[in-house]
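Descriptive structure summary
Single-letter residue listing:
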Amino acid sequence: MKLEHFALNVEAPVAMAAWYVEHLGLKIVKQVKEPPYMTFLADDSDRIMIEIYLNPADEVPPYREMNPLLVHLAFISEDPAHDKERLQKAGASVVSDQRLEDGSHLVMLRDPWGLALQLCRRAQPMLAATEKQ
């Protein structure tokens, strides 16, 4: 079995999708233009996908108040310091900036809607497929 997608109930899926396309390089695979605005976003490998939507059947989690270690989206970044600055200018806020003993650089941010994003430059890639990115 392989993962197809990870889904998140969010407050503004249409605006969030546009921001993720513009600033994180994701692309819209499928988007429903009426509620619940189901939007599937893929990375450039076409192997990783997230779904965002606003489904009133349940509450949107309080992402802004949640510890980022409860849930976050992690992105490979060749230059986390540069990407941190670029994303801050686009409305993200910084939570932490860590350089680990093994040489990895991890930056935790919140997108403009409070969802935690992590920028990762690993000293050693976690998966073989990430070496090509």
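Quick caveat: nothing in here was measured; it's all calculated off a predicted structure.

Notes on the overall build of the chain
- From N to C terminus, the chain includes two helices and eight strands.
- The C-alpha radius of gyration of the chain comes to 15 Å, within 12% of the 14 Å expected for a compact globule of 133 residues.
- Seen through its principal axes, the chain has C-alpha atoms that stretch 45 × 35 × 25 Å.
- Within the chain, buried positions represent 38% of all 133 residues.

What to know about the environment of Leu-24
- Mapped onto the elements of the fold, Leu-24 is located in helix 1 (residues 13-24).
- Classification of Leu-24 as buried rests on a relative accessible area of 17%.
- Excluding anything up to four places from it in sequence, Leu-24 contacts Trp-19, Phe-75, Leu-87 and Leu-117.

Let's talk about the sheet that holds strand 5 (residues 73-76)
- An order of 5-8-7-6 is seen for the four strands of this open sheet, with the pairing classed as mixed. Each end of this open sheet is capped by a strand with a single partner; those strands are strand 5 and strand 6 (93-99). With direction set aside, neighbouring strand axes in the sheet form an average angle of 20°.
- One ladder, built from four bridges, connects strand 5 with strand 8 (residues 116-121); its direction is parallel. Within the sheet, the bridge partner assigned to Ile-76 lies in strand 8 and is Cys-120.
- Sitting on the sheet, helix 2 (residues 80-89) touches strand 6, strand 7 (105-110) and strand 8, and the angle it makes with strand 7 is about 10°.

Quick notes on the rules
Residues numbered from 1 in each chain as written. Predicted model: local features only at pLDDT ≥ 70, side-chain atom pairs only at ≥ 80, totals over all residues. Heavy atoms only, no water. Helix = DSSP H or I, 4+ residues; strand = E, 2+ residues; numbered from the N terminus. Rg over C-alpha atoms; globule rule 2.2 N^0.38 Å. Buried < 20%, exposed > 50% of the residue type's maximum accessible area, 1.4 Å probe, protein only. Contact = heavy atoms within 4.5 Å. Pairing = 2+ DSSP bridges. Axes fitted to C-alpha atoms, helices over the stretch in contact; angles between N-to-C directions.

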